[in-house]
Amino acid sequence: MIHARHLRPGNAFVASALRRRGRAVWPLRRRGADLGYAVEVVRGRPAAAAAGARWRAAEAVFVPGVLGAGLRRWRPAIAASLAMFDRLRGGGSLLPEFERRLAADDDLVYAGSTVGGDDEREIERVFVDARPGGATAARDLWAMLAWLATDRSDRSLRVRFSNGTAGLEQWLAATDLTAGWVDRFAARAFPECAAVLSCRPLRRLLQDLLGRPYRLSERIVYNNAPGGGAVFHHDAEPSQLGVVFSQLEGHTGWLALGKRRLADLLVRRAHAASRSAAMRALDAGDDQQLWRVLNRDAGFTAELAARGALFVLHAGDCLLLPSHGPDDVAWHSVIGLGGAPSLAHSYGIFARRPDYPAAADPWQQEGP
């Protein structure tokens, strides 16, 4: 199914004519690259069989409007988060923001903060320990505020929640108990998490796709600015089954398709002699010509769109990105749309073990 068609750069007159006819047309601009326009076509949800087939094939599953009316309940929290990001973008600090947001929380105890880091995008990191009833249950939980890109023309921000030493990837070895406390940290700092966690149609769909108990962890709150966004990448991590991206306010444009199909398209474009060669080039990440094709070539964007890989997310939409392994994973890039920064949450999907605390997830408390 093609959800959005592509209109090449230089067609502003056609874009305006389509808008006058009631069509939604979005400029695809990211950090100076003009990738044309996205013209919305279909916003229907996939049937269960189609969603399952796409998930198994490591293709993105678009679920428009799934958050439904439940999103309205969290409008004040969403507005508060957008205002917070505006203050942070203007030079504010994450620590006082979190002090206000967690002022009534007796379980999470401030354990320090840092400014800057090895990654030039990192702005600030706030650490807490989980100490319910005064007893330490988990240490070194953190929230990291960072720019999305090294190019400061992109004013997109994100806050990532995890634990341990990031460079050592200690979160990969964390117990489900520790992960549960990280997840509670995120949910208490950003109450609108509940709009995703308590969405029964979304949670049922995930349960059907996964066929096993799962948790939504390693949460990231995105504030994508117009004309910004992430270049092509994947989220294949050990033990991670995929990603749930939920648009809570504003719009984002997406290019997303499975790695094998992406490699085949690169062969078709004569950038590689074979699928295996193209996949190796994608993994290496050091081919500048390939990088430009993926991220700055409007013709390649048009070919992706023709294969159903272009999506426009509205508030209430979700995009599911499966990750079955390094070669069977949905590659994707993101473009900030509209006139103001948007708000979205991205959660990694992991198998849930018995020590994951029920209190960390409303779905687990209620049962599927």
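Above this text you will find the structure in question.
Along every chain, residues carry numbers that run from 1 in the direction the sequence is written. The model is predicted, so local features are restricted to residues of pLDDT at least 70 and side-chain atom pairs to those at 80 or more, both for listing and for counting; the totals for chains, interfaces and linings are taken over all residues. The side-chain quantities take in all heavy atoms of the structure and omit both hydrogens and water.

K.L.:
Can you walk me through the overall build of the chain in this structure?
P.N.:
What the chain contains, in helices and strands, is 12 helices and 15 strands. For a compact globule the rule gives 2.2 Å times the number of residues to the power 0.38, and the radius of gyration it is set against comes from C-alpha atoms. The C-alpha radius of gyration computed for the chain amounts to 20 Å, which stays within 12% of the reference 21 Å derived for 368 residues, consistent with globular compactness. Looking at the 368 residues of the chain, the share that counts as buried comes to 53%. Whether two residues are in contact is decided by their heavy atoms, any of which lying within 4.5 Å being enough. Summarising the internal contacts of the chain: among those between residues at least 6 apart in sequence, 73% fall at separations of at least 24. Computed with the Shrake-Rupley method and a 1.4 Å probe, the accessible areas treat only the protein chains shown as cover for residues. Split by element, the accessible area of the chain, about 15100 Å² in all, is 52% carbon and sulfur. The charge count treats Lys and Arg as positive and Asp and Glu as negative. His and the chain ends do not count. Charge positions are represented by NZ for Lys, CZ for Arg, CG for Asp and CD for Glu. Taken together, the 48 basic and 39 acidic charged side chains of the chain have centroids lying 8 Å from each other. Here a helix means four or more residues in a row that DSSP labels H or I, a strand means two or more in a row labelled E, and each is numbered from the N terminus. Think of it in three bands: with a 1.4 Å probe and only protein chains considered, a residue is buried below 20% of the maximum accessible area for its type, exposed above 50%, and partly exposed in between.

K.L.:
What am I meant to see in the packing of aromatic side chains here?
P.N.:
Aromatic ring pairs are defined here through the distance separating the ring centres and the angle between the ring planes. Two rings belonging to Phe, Tyr or Trp (six-membered ring only in the last case) form a pair when the distance between their centres is within 6.5 Å. Interplanar angles under 30 degrees mark stacking, angles over 60 mark edge-to-face geometry, and anything in between is tilted. By the definition in use, this model includes eight aromatic pairs. Considering the side-chain rings of F98 and F190, the 6.2 Å spacing of their centres and the 75° angle between planes classify their relative orientation as edge-to-face. Note that F98 is positioned in helix α4 (residues 94-101) and F190 in the loop between α5 (176-189) and α6 (193-197), a separation of 92 residues in sequence. When sorted by exposure, F98 lands in the same class as F190, which is buried. Ring plane angle 85° and centroid distance 6.0 Å describe the contact between F161 and F190, whose orientation is recorded as edge-to-face. Here F161, found in strand β8 (residues 157-163), pairs with F190, found in the loop between α5 and α6; they are 29 residues apart in sequence, far enough to count as distant. Among the aromatic residues, ring-to-ring pairing joins F98, F161, F185 and F190 into one connected group. Lying across the ring of W181, R184 places its NZ or CZ 3.6 Å from the centre. Lying over the aromatic face of Y347, R219 brings its terminal NZ or CZ to 5.0 Å of the ring centre. Only lysine NZ and arginine CZ atoms are considered, and such an atom sits over a ring when it is within 6 Å of the ring centre and within 35 degrees of the ring normal.

K.L.:
I keep staring at the pairing of strand β7 (residues 138-147) and nothing clicks. Help me out?
P.N.:
Remember that side chains alternate between the two faces of the sheet whenever the strand is regular. Of all 10 residues that make up β7, eight are buried, and the element is covered over most of its length. Bridge analysis of strand β6 (residues 122-130) against β7 gives seven bridges, and the strand direction is antiparallel. When the sheet's bridge partners are listed, V126 is paired in β7 with A143. In this description, strands pair whenever DSSP reports at least two bridges between them. By the bridge criterion, seven bridges tie β7 to β8 in an arrangement that is antiparallel. Residue pairing for β8: L145 is matched across the bridge by V159.

K.L.:
For this particular structure, what's the right way to read the side chain of S81?
P.N.:
Following the sequence through the fold, S81 ends up in helix α3 (residues 75-89). Taking the relative accessible area as the measure of exposure, S81 reaches 0% and is therefore buried.

K.L.:
What is the right way to read a nonpolar patch on the surface from this model?
P.N.:
Residues with no salt bridge and a relative accessible area higher than 30% make up the patches, which join like charges within 9 Å and nonpolar side chains (Val, Leu, Ile, Met, Phe, Trp, Tyr) within 5 Å. Any carboxyl oxygen of Asp or Glu that lies within 4 Å of a side-chain nitrogen of Lys or Arg is treated as forming a salt bridge with it. Side chains of M1, V41 and V42 sit close together on the surface and give an oily, nonpolar patch of about 250 Å² of accessible area. Relative to the elements of secondary structure, M1 occurs in the segment before β1 (4-7).

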